[in-house]
Amino acid sequence: MLEFSSGHTQGQLSLIELAPSILSADFAHLAAAVQAVTEGGATVLHVDVMDGHFVPNITIGPPVVASLRKVTRLPLDVHLMIENPDQFIPAFVEAGADWISVHQEACVHLHRTLELIQSHGVNAGVVINPATPVGVLEEVLEMVHHVLVMSVNPGFGGQRFIPFTLDKVRKLVMMRAARRATFRIEIDGGISTETIAEAVRAGVEILVAGNAIFGHGRPKENTQQLLKLAGEATLQKV
Ligand code: DX5
Ligand code: ZN
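Report follows, based on the coordinates. (Residues numbered from 1 in each chain as written. Chains lettered and ligands numbered in written order. Predicted model: local features only at pLDDT ≥ 70, side-chain atom pairs only at ≥ 80, totals over all residues. Heavy atoms only, no water.)

### Things to note about the pairing of strand S7 (residues 184-188)
- Among the five residues of S7, five are classified as buried, and the element is accordingly described as predominantly covered.
- By the alternation rule, side chains of S7 split into Arg-184, Glu-186 and Asp-188 and Ile-185 and Ile-187, which are all buried.
- With five bridges connecting them, strand S6 (residues 146-150) and S7 associate as parallel partners. The partner of His-146 across the bridge, within S7, is Arg-184.
- Following the backbone out of S6, through helix H5 (residues 165-179) and into the adjacent parallel S7, one traces a crossover that is right-handed.
- In this sheet, strand S8 (residues 206-209) lies alongside S7 in parallel orientation, the contact comprising three bridges. From the neighbouring strand, Ile-187 faces S8, where its bridge partner is Leu-207.
- You can see the chain leave S7, run along helix H6 (residues 196-202) and come back into S8, and the turn it takes is right-handed. (Buried < 20%, exposed > 50% of the residue type's maximum accessible area, 1.4 Å probe, protein only. Helix = DSSP H or I, 4+ residues; strand = E, 2+ residues; numbered from the N terminus. Pairing = 2+ DSSP bridges. Right-handed = clockwise from strand over helix to strand, strands pointing away.)

### Observations regarding the coordination of the zinc ion (ligand 2)
- Only His-46 (NE2), Asp-48 (OD), His-79 (ND1) and Asp-188 (OD) from the protein coordinate the zinc ion (ligand 2), and they sit 2.0 to 2.3 Å from it.
- In this structure, the zinc ion (ligand 2) is coordinated by six donor atoms arranged in octahedral fashion, with angles at the metal of 68 to 168°.
- All donors of the zinc ion (ligand 2) belong to a single chain; written as a sequence motif, their spacing is H-x1-D-x30-H-x108-D. You can see Asp-48 sitting in strand S2 (residues 45-50) and its partner His-79 sitting in strand S3 (residues 76-81), a full 31 residues away along the chain. The residues Asp-48 and His-79 share a single accessibility class, namely buried. (Donors = N, O, S within 2.8 Å, 3.2 Å for Na, K, Ca; no water. Tetrahedral: all angles 85-135°; square planar, octahedral: opposite > 155°, others 65-115°.)

### Points about the pattern of salt bridges
- Tallying each qualifying case throughout the model produces eight salt bridges.
- The salt bridge involving Arg-69 is made with Asp-98; its shortest N-O contact spans 2.6 Å. Of this pair, Arg-69 sits in helix H2 (residues 62-71) while Asp-98 is found in the loop between helix H3 (85-95) and strand S4 (99-103), placing the two residues 29 residues apart along the sequence.
- For Arg-69, a relative accessible area of 23% translates into the label partly exposed.
- Overall, Asp-98 belongs to the partly exposed group, its relative accessible area being 30%.
- Several salt bridges converge on common partners, so that one network encompasses Glu-138, Glu-142 and Arg-179. (Salt bridge = Lys/Arg side-chain N within 4 Å of Asp/Glu carboxyl O.)

### Here we look at the layout of surface pockets
- If you add up the space inside the largest pocket, you get close to 320 Å³.
- The wall of the largest pocket is formed by 30 residues, among which Phe-156, Gly-157, Gly-158, Gly-189 and Gly-190 lie closest to the centre.
- When contributions to the lining of the largest pocket are tallied by element, the ones reaching two or more residues are S2, S3, S8 and helix H7 (211-214).
- Considering every element that reaches the lining of the largest pocket, the biggest residue donor is S2, with three residues.
- Looking at side-chain class alone, the lining of the largest pocket contains 12 nonpolar, 15 polar and three charged residues. (1 Å grid on protein atoms, 1.4 Å probe; cavity = no way out; pocket = protein on both sides within 12 Å on 5 of 7 lines; lining within 4 Å. Points joined across faces, edges and corners; volume = space filled by probe spheres on them. Nonpolar A, V, L, I, M, F, W, Y, C, P; charged D, E, K, R; others polar.)

### Describing the sheet that holds S3
- Overall, parallel pairing links the eight strands, which are arranged S1-S8-S7-S6-S5-S4-S3-S2 in an open sheet. Of all the strands in the sheet, the pair left with one neighbour each is strand S1 (17-20) and S2. Strand-to-strand twist in this sheet, taken as the mean axis angle between neighbours without regard to direction, amounts to 25°.
- Seen against the sheet, helix H4 (residues 110-119) touches S4 and strand S5 (123-128) and runs at an angle of roughly 145° to S5. (Axes fitted to C-alpha atoms, helices over the stretch in contact; angles between N-to-C directions. Contact = heavy atoms within 4.5 Å.)

### A few points about the site of ligand 1
- Taken together, 20 residues surround ligand 1, and among them Asp-48, Gly-155, Gly-158, Asp-188 and Gly-210 come closest.
- A distance of 2.6 Å separates an oxygen atom of ligand 1 from a polar atom in the side chain of Asp-188.
- Coverage of ligand 1 by the protein amounts to 99% of the 380 Å² it exposes when considered alone.
- With respect to the detected pockets, ligand 1 is housed in the largest pocket.
- Elements represented by at least two residues in the shell around ligand 1 include exactly S2, S3 and S8.
- A per-element tally of the shell around ligand 1 places S2 first, with three residues.
- Residue composition of the shell around ligand 1, by class: eight nonpolar, 10 polar and two charged. (Near = heavy atom within 4 Å. Polar contact = N/O pair within 3.5 Å; in protein donor to acceptor, adjacent residues only side chain to side chain. Areas by Shrake-Rupley, 256 points an atom, 1.4 Å probe, with all protein chains shown as cover. Sits in = over half its atoms within 2 Å of the grid points.)

Now the structure itself:
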């Protein structure tokens, strides 16, 4: 884990963490993928759950999370891109999720859903799509562990980073300071050697990367390189 100050709440040291998304890994060899990124310095594992309704793709469910749980001690950051998340939250908790995030766009009763996650003793996060303004989160910012800003439209790995989403990261940094809140800021989609520094400079602390880590082999080295670039960018922050 790299200990760089990320400009979090005044006087507090926050960590820059890389959360490899196993979506781009070979599903037949997930244990090897997890081992490689762990050796490379990853400290969180990002797990993308898609239902074919909220997003136009289907991925994995609780059984795969349970299998991952057996091969790693890293926190499992479960990103639910599904309708009716309340129905499935208990199963993901049972499977071993440490963090569960739900989309604001998928939750009619967002506060209730976040409370449901917390009631299971799991870190609750909220996610917003690129077109969703951060203002809709104002009332829940003090209760969440992390806010995940989508920097692509969810559904697939390997998409192009959408630059205006960093304006939302900057707004979140200001909203957090104004409230003295403690949530962490995560970004997801199109993070690569080209985009990671800019994301860190905008205020992101947890960087999800799928294609950049698993898309072309050498996941351990890719993890190391992304962490190095993220660390250097932290030092460039004003
Ligand atoms: C997209 C997923 C992402 C995705 C990121 O819907 O939520 O986590 O795997 O992949 P890359 O880094 O390839 O954009
Ligand atoms: Zn994701």
